[in-house]
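As a plain string of letters, each chain reads:
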Amino acid sequence: MRLLVSGKRDFSRFLKSLSRRGESGFTQVEGPVRKILGEVKKGGDAALFRLTRKYDGWPPSSRSIRVTSREIRKARKALSREERETLEFAAGRIERFHSLQLQKSWSFAEEDGTILGQIVRPIERVGIYVPGGKAAYPSSVLMNAIPARVAGVREILMTCPAPQGHLNPAVLAAAHIAGVDAIFKVGGAQAIGAMAYGTKTIPKVDKIVGPGNIYLAAAKRLVFGEVSIDSIAGPSEILVISDGSGEPSFLAADLISQAEHDEQAAAILLCTSRKVAEEVRREVQKQLADLPRRRIAERSLKSFGAFLIVKSLAEAARIANELAPEHLELAVKDPWDLLPRIENAGAIFLGQLSPEPIGDYVAGPNHVLPTGRTARFSSPLGVYDFLKRSSLICLSPDGLKRLSPPAMHLARMEKMEGHRRSIEKRQLGHNPRNHPGE
């Protein structure tokens, strides 16, 4: 990992390079992904089964591609009691946190009897994509499905790649706990296509959520508009701010926890003490020695890891806001004092005893977070992502009389004569007994 000092040319050059990582990947995969989506849209189940056989190595059918209740029971029995209790514990905390995000419909009446308001309803059908294959992510199942269930989504579907036709028992158990209605053994861009366009076996959904690799991100980007999506997630990232008071072994472990995700992950320490940064640097090398995912973490740290020495915490906060990191740790003496300076971050972890991985699993807030500087304008996944809103407008006779003149004037300003006449017709022929609010 490089060590860079604020004010130097290589310091600013490195910060600029962070926002561009992973960009070239979309260009390289868009063609193949578009082809797969087109095949599924045109060929339905036949194309879906063919692609699943090609990429996951097993021959599915309309019956075998959907997980049965027997398979779910078998998966739950395959877990130890401790594993089941851990999933239920995490689910309980996630549900408790997200229940506070529920929104209600509302309305109000103006003095002249006009009624205005908003109706809040859940999205009808949601599809969740869960990565599989090399690793299993039951936490992603919980984080994506529970907010949808809390929101009141009528039907929650889930797709997950199943090499040789097998799914991880923990993933299946998590889906059961989270209230997923149907699980399908299909992954890759073909799964996104199936949920976006619908096939005989997999119904079309209204929104697709869930993480995945560059192929998944490209597929979600291409089907947006046909369905809604949560976000185009990029590589994981963590930014740790230290005033030199933290335990070096803690800080090193937190950096490694993100670097082990994949080779594109970014792990950065912003520190006001060069001495402490050097200590953390040595600790990182020490902890990497016996890390099972050492090769991945080392590549990540070499490409996108850094120790950045800054003059003050004010400068650190300014840089943090510029980078808008997915995960931000305030590993300082008084994190609450620094917090008001932070404007852009997906999740903020305050103090030495709040490691990012706790947030990944059991803290309660969602771990699906904005990446690639998108925390400047977007938020963590939540119940609100599974709700839709409709406006209510019900004019009274007096309300129509009061609002018509300025509305018609605006119509004239925009040269929209049809708009003006629509309002004028009511002015000329209004029957006050037809007001729904009376």
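If you're wondering where the values come from, they're calculated on a predicted model, not measured in any experiment.

Q: Would you take a moment to explain the environment of Asn344 for this structure?
A: Structurally, Asn344 can be placed in the loop between α14 (335-338) and β13 (347-350). Residue Asn344 is classed as buried on the basis of its relative accessible area of 15%. With 26 residues separating them along the chain, Asn344 and Arg318 place their C-alpha atoms 9.8 Å apart. Discounting chain neighbours no more than four positions away, the residues touching Asn344 are Ala320, Asn321, Ala324, Pro325, Ala375 and Arg376. A polar atom in the side chain of Asn344 sits 2.9 Å from the backbone oxygen of Asn321.

Q: Got a minute to help me understand a nonpolar patch on the surface in this structure?
A: On the surface, a nonpolar cluster with roughly 270 Å² of combined accessible area is contributed by Ile393, Leu395 and Leu403. On the secondary structure map, Ile393 appears in strand β14 (residues 387-394). The class of Ile393 is exposed, set by a relative accessible area of 66%.

Q: How do you make sense of the packing of helix α4 (residues 69-78) against helix α7 (residues 169-178) when you look at a structure like this?
A: When two helices pack together, you describe them by how their axes are tilted relative to each other and by the distance separating the axes. In contact at an axis separation of 8 Å, α4 and α7 are set at 110° when each is read in the N-to-C sense. By the criterion of interaxial angle, the relationship of α4 to α7 is roughly perpendicular. The element α4 and its partner α7 pack so that their crossing is left-handed. Of the residues in α7, those touching α4 at Glu71, Ile72, Ala75, Arg76 and Ala78 are Pro169, Leu172, Ala173, His176 and Ile177. Per-class residue counts for the contact of α4 with α7 are seven nonpolar, one polar and two charged.

Q: What is the right way to look at unusual backbone geometry in this model?
A: For residues other than glycine, phi is negative in most cases, and the peptide bonds are mostly trans. If you check the backbone angles, Gln164 has positive phi at about 60° while not being a glycine. Here Gln164 lies in the loop between β5 (155-159) and α7. With a phi angle near 60°, Lys415 is a residue other than glycine that sits in the positive phi range. Looking at where Lys415 falls in the secondary structure, it is placed in the loop between α16 (397-413) and α17 (417-429). We classify Lys415 as exposed; its relative accessible area is 72%.

Q: Mind showing me how you'd approach the sheet that holds strand β4 (residues 125-129) here?
A: The strands that make up a sheet are held in pairs by hydrogen bonds between backbone atoms, and each pair lies either parallel or antiparallel. The parallel open sheet is built from five strands, whose spatial order is β6-β5-β4-β7-β8. Both edges of this open sheet fall to β6 (182-184) and β8 (228-229), since each of them pairs with a single strand only. Two strands pair when backbone bridges link them, and β4 and strand β7 (residues 207-209) are joined in this way by three bridges, in the parallel orientation. By the bridge assignment for β7, Gly127 is matched with Ile208. Across the face of the sheet, helix α6 (residues 138-151) comes into contact with β4, β5 and β7 while running at roughly 165° to β5.

Q: Explain the pattern of salt bridges to me, please; I cannot follow it from the model alone.
A: Any two side chains of opposite charge can pair if their charged atoms end up close together. On inspection of all chains with the given rule, the structure shows 24 salt bridges. One salt bridge connects Glu39 with Arg50, and the closest N-O pair in it is separated by 3.2 Å. Here Glu39, found in helix α2 (residues 23-43), pairs with Arg50, found in helix α3 (residues 45-56); they are eleven residues apart in sequence, far enough to count as distant. We note a salt bridge from Glu424 to Arg420, for which the minimum N-O separation is 3.2 Å. Taken together, the residues span about one helical turn, with Glu424 and Arg420 both in helix α17 at a distance of four residues. Linked by salt bridges that have partners in common, Glu124, Arg125, Arg154 and Glu155 make up one network.

How each quantity is defined
Residues numbered from 1 in each chain as written. Predicted model: local features only at pLDDT ≥ 70, side-chain atom pairs only at ≥ 80, totals over all residues. Heavy atoms only, no water. Helix = DSSP H or I, 4+ residues; strand = E, 2+ residues; numbered from the N terminus. Buried < 20%, exposed > 50% of the residue type's maximum accessible area, 1.4 Å probe, protein only. Contact = heavy atoms within 4.5 Å. Polar contact = N/O pair within 3.5 Å; in protein donor to acceptor, adjacent residues only side chain to side chain. Patch = residues over 30% accessible without salt bridge, like charges linked within 9 Å, V, L, I, M, F, W, Y side chains within 5 Å. Areas by Shrake-Rupley, 256 points an atom, 1.4 Å probe, with all protein chains shown as cover. Salt bridge = Lys/Arg side-chain N within 4 Å of Asp/Glu carboxyl O. Axes fitted to C-alpha atoms, helices over the stretch in contact; angles between N-to-C directions. Parallel < 35°, antiparallel > 145°, perpendicular 65-115°, else oblique. Left-handed = near helix turned anticlockwise from the far one by under 90°. Nonpolar A, V, L, I, M, F, W, Y, C, P; charged D, E, K, R; others polar. Pairing = 2+ DSSP bridges.

Spatial relationships are all this shows, so hold off on functional conclusions.
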